[in-house]
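Take a look at the letters that make up each chain.
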Amino acid sequence: MYVNYWTQKLNIPDLLFVISSAAAAQQRSDVVVRDEDEVTLPAECFRNMMQTCEKTTWLFNGQRHTTELLFEDGKIQQAARTKPDRLNVTANCSLVIKKVSVEDVGLYTCRQFDASGRQQGSDSDVYLSVVNSKYLYQF
């Protein structure tokens, strides 16, 4: 099967390779979860040379289009609008969100810094989508 893509013919496996290659370069993941579930967002920014998550930062940009600091200096930020009691960070710096709700939909960004405060590598983005279980079976 061929797809006409910008007037150039590509077969489906080639197109999927292009899409996955672009996603790998950007370090972006898409995660879909049902509301009230728990989700672990992968910290692709985590560097194995780091022994702890103290130099890892998690940011959230949601429906309000403002960026919130969720995790920094090895601690969940208490000022996080998304209820800090629902957030946790694993040993490999992945972000865990308990009892996910539609307010959690948005872009989560992981950044790793060195001891001098310089960012190491590129951002790792995770876009979280939430399916409302009330409407899950209406299709």
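Criteria and thresholds
Residues numbered from 1 in each chain as written. Predicted model: local features only at pLDDT ≥ 70, side-chain atom pairs only at ≥ 80, totals over all residues. Heavy atoms only, no water. Disulfide = S-S within 2.5 Å. Helix = DSSP H or I, 4+ residues; strand = E, 2+ residues; numbered from the N terminus. Buried < 20%, exposed > 50% of the residue type's maximum accessible area, 1.4 Å probe, protein only. Core = buried A, V, L, I, M, F, W, Y, C linked by side-chain atoms within 4.5 Å. Phe/Tyr/Trp six-rings, centres within 6.5 Å; stacked < 30°, edge-to-face > 60°. Pairing = 2+ DSSP bridges. Axes fitted to C-alpha atoms, helices over the stretch in contact; angles between N-to-C directions. Polar contact = N/O pair within 3.5 Å; in protein donor to acceptor, adjacent residues only side chain to side chain.

For the protein, an unreviewed UniProt entry supplies the name Ig-like domain-containing protein and the organism Xenotaenia resolanae.

Asks: Quick question: what am I supposed to make of the state of the cysteines here?
Replies: Such a bond, covalent and formed between the sulfur atoms of two cysteines, is termed a disulfide. In total, this model carries one disulfide according to the counting rule given. One disulfide bridge connects Cys53 with Cys93, the sulfur atoms lying 2.0 Å from each other. Taking the torsion about the sulfur-sulfur bond, which here is approximately -105 degrees, the covalent link between Cys53 and Cys93 counts as left-handed. Linking Cys53 in the loop between β4 (39-41) and β5 (56-61) with Cys93 in the loop between β8 (87-89) and β9 (95-97), this pair joins segments that are 40 residues apart in sequence. Side by side, Cys53 and Cys93 carry an identical accessibility label, which is buried.

Asks: Sorry, what's going on with the nonpolar core here?
Replies: Grouped together as the largest cluster of nonpolar side chains are 26 residues, with contacts concentrated most on Leu41, Trp58, Ile97, Tyr108 and Leu128. Looking at this core, the elements with two or more residues in it are β3 (28-34), β4, β5, β6 (67-72), β8, β9, β10 (106-113) and β11 (119-131). Looking at which element gives the most residues to this core, the answer is β11, with three residues.

Asks: Honestly, the packing of aromatic side chains in this entry has me stumped. Any pointers?
Replies: To describe a pair of aromatic rings, you give the distance between the ring centres and the angle between the ring planes. Under the definition given, this model contains one aromatic pair. Here the aromatic rings of Phe60 and Tyr108 are separated by 4.6 Å at their centres, their planes lie at 35 degrees, and the arrangement is tilted. Separated by 48 residues along the polypeptide, Phe60 in strand β5 and Tyr108 in strand β10 bring together distant segments of the chain. For Phe60, a relative accessible area of 1% gives the class buried. When its relative accessible area of 1% is taken as the criterion, Tyr108 is described as buried.

Asks: What should I look at first to understand the sheet that holds β4 in this one?
Replies: Working definition: the strands of a sheet are paired by backbone hydrogen bonds and lie parallel or antiparallel to each other. One open sheet accounts for three strands, arranged β4-β9-β8; its pairing is antiparallel. The sheet is open, and its two borders are formed by β4 and β8, each paired with just one other strand. Pairwise comparison of adjacent strand axes, ignoring direction, gives a mean angle of 25 degrees for this sheet. One ladder, built from three bridges, connects β8 with β9; its direction is antiparallel. Counted as the bridge partner of Val89 is Leu95 from β9.

Asks: Can you walk me through the sheet that holds β5 in this structure?
Replies: In spatial order, the strands read β3-β11-β10-β5-β6-β7; together these six strands make up an open sheet with mixed pairing. At either margin of the open sheet sits one strand with a lone partner, and together these are β3 and β7 (75-76). Two strands pair when backbone bridges link them, and β5 and β10 are joined in this way by six bridges, in the antiparallel orientation. Bridging from a neighbouring strand, Trp58 pairs with Cys110 of β10.

Asks: Quick question: what am I supposed to make of the side chain of Ser94 here?
Replies: Tracing the chain through its elements places Ser94 in the loop between β8 and β9. A polar contact is formed between the side chain of Ser94 and the backbone nitrogen of Ala43, at a distance of 3.4 Å. Of the polar contacts made by the side chain of Ser94, one reaches the side chain of Asn92; its length is 3.1 Å.

Asks: I'm lost on unusual backbone geometry in this one. Help?
Replies: Among all residues save glycine, negative phi is the norm, and among peptide bonds the norm is trans. At Glu36, a residue that is not glycine, the phi angle is positive and equals roughly 75 degrees. The residue Glu36 is located in the loop between β3 and β4 in this model. One non-glycine residue, Asp73, lies in positive phi territory at about 55 degrees. Note on placement: Asp73 falls in the loop between β6 and β7.

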